[in-house]
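# Notes for the structure review
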Amino acid sequence: MTIRPGRRPTIGETHQSLRERVYAELRERIIEGTYAAGLRLVERDLAEQLGVSRIPLREAMQRLERDGFLTVQARRGSVVTEFGAQDAAYLFDVRESLEGLAAGLAARHATPAQLRTMESLLTRGRTAADAGRLRQAVTCNADFHQQIVEASGNPLLQELMAPLDARLRRLFHLTSDLDDGDPMCGEHERLYEAIREHDAPRSEEVARRHVAGTRDSALRYFSAAGARSAAEDRSGDAGAGPVAGPV
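Now for a quick tour of the structure. (Residues numbered from 1 in each chain as written. Predicted model: local features only at pLDDT ≥ 70, side-chain atom pairs only at ≥ 80, totals over all residues. Heavy atoms only, no water.)

## Considerations on the packing of helix α6 (residues 134-151) against helix α7 (residues 155-174)
To keep it simple, the criterion reads: Think of each axis as a best-fit line through the C-alpha atoms, taken over the contacting stretch in the case of a helix, with angles from 0 to 180 degrees between the N-to-C directions. Helix numbering and strand numbering both begin at the N terminus, where a helix is a DSSP run of H or I of at least 4 residues and a strand a DSSP run of E of at least 2. Roughly parallel here means an angle under 35 degrees, roughly antiparallel means over 145, roughly perpendicular means 65 to 115, and every remaining angle is called oblique. In what follows, residue pairs with any heavy atoms lying within 4.5 Å of each other are defined as contacts. Lys, Arg, Asp and Glu make up the charged group, whereas Ala, Val, Leu, Ile, Met, Phe, Trp, Tyr, Cys and Pro make up the nonpolar group; the residues left over, Gly among them, are polar.
Relative to each other, α6 and α7 sit at 170°, their axes nearing to 10 Å. The orientation of α6 with respect to α7, classified from their angle, is roughly antiparallel. Residues R135, V138, T139, N141, A142, D143, H145, Q146, V149 and E150 of α6 lie in contact with α7, whose contacting residues are L157, Q158, M161, D165, R169, F172 and H173. For the contact of α6 with α7, the class distribution of residues is six nonpolar, six polar and five charged.

Structure below.
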């Protein structure tokens, strides 16, 4: 199976270490669905695609395995980990508490610059949703939530939320086709207003209610499409599965 990412590799575009850049690029391809669940990733092919040696690539893949994005299977090697209904439920169990906490803290500590960033993300998300650009709206949605965590002013909370943010972005991309942009934008605007007015209790309440609503939407998606991954696996060669080919 040949994979052709929708954008060029970003290796070399930042001041991060090579290992960090390879990790970020592979993770983004998994989050965006370029590398679908069940896809087998071969070190040799990936090293050639990205123009890097296999040492930083192997380190990046090991980190992705620890983060839950890759799974090592017997006779297949590293494959992109499935993300199903139970994974979503576990994510929302944790997210409801931590996002409520983040929103309450953001109401107390958000700077004017951070509030302007939130407002800008809301505007861009609303414009994208109205124009039917759902994947762009999803990105603004995820960035809005991340900005709230940054505005909390709590480094430990930011550290705890970082791996959840990556999984959340993957979930948002999986379910983007079923996203109802208008209600989502409205909920974000109510959350932003509570934070802007420095109303910590209301911010936490709105955030928790919003997470509960997105949980229901996500679980409905998995209920409707739960058999899709199994059907795709059965359509491939038995025991081989798809492989990440040249870009």
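## Let's talk about helix α1 (residues 18-32)
What counts here: Helix span, expected: 1.5 Å multiplied by one less than the number of residues in the helix. For the exposure calls, accessible area comes from a 1.4 Å probe over protein chains only, and a residue counts as buried if that area is under 20% of its type's maximum, exposed if over 50%, partly exposed in between.
Here α1 spans 21 Å end to end across 15 residues, near enough to the 21 Å set by a 1.5 Å rise per residue. Those residues of α1 not exposed but buried are R21, V22, Y23, E25, L26, R29, I30 and I31. Lining the buried residues of α1 we find α2 (43-50), α3 (54-66), β2 (70-73), β3 (77-80) and α7. Looking at the residues trailing α1, positive phi occurs at G33, about 90°.

## Examining the environment of A194
Along the chain, A194 falls in helix α8 (residues 181-196). Each C-alpha atom of the pair A194 and A107 lies 7.2 Å from the other, and the pair is 87 residues apart in sequence. Setting aside residues no more than four positions away along its own chain, A194 makes contact with A107, D199, R202 and S203.

## Observations regarding the nonpolar core
Rules: Among buried residues, the Ala, Val, Leu, Ile, Met, Phe, Trp, Tyr and Cys ones that are joined through side-chain atoms within 4.5 Å form a nonpolar core.
Membership of the largest hydrophobic core comes to 35 residues, with the highest contact counts inside it found for M118, F144, I148, L171, L191 and I195. Among the elements that make up this core, the one with the highest residue count is helix α4 (residues 85-109) (eight residues). Counting residues in hydrophobic clusters, the runner-up holds 20 residues, among them Y23, L50, V52 and V80.

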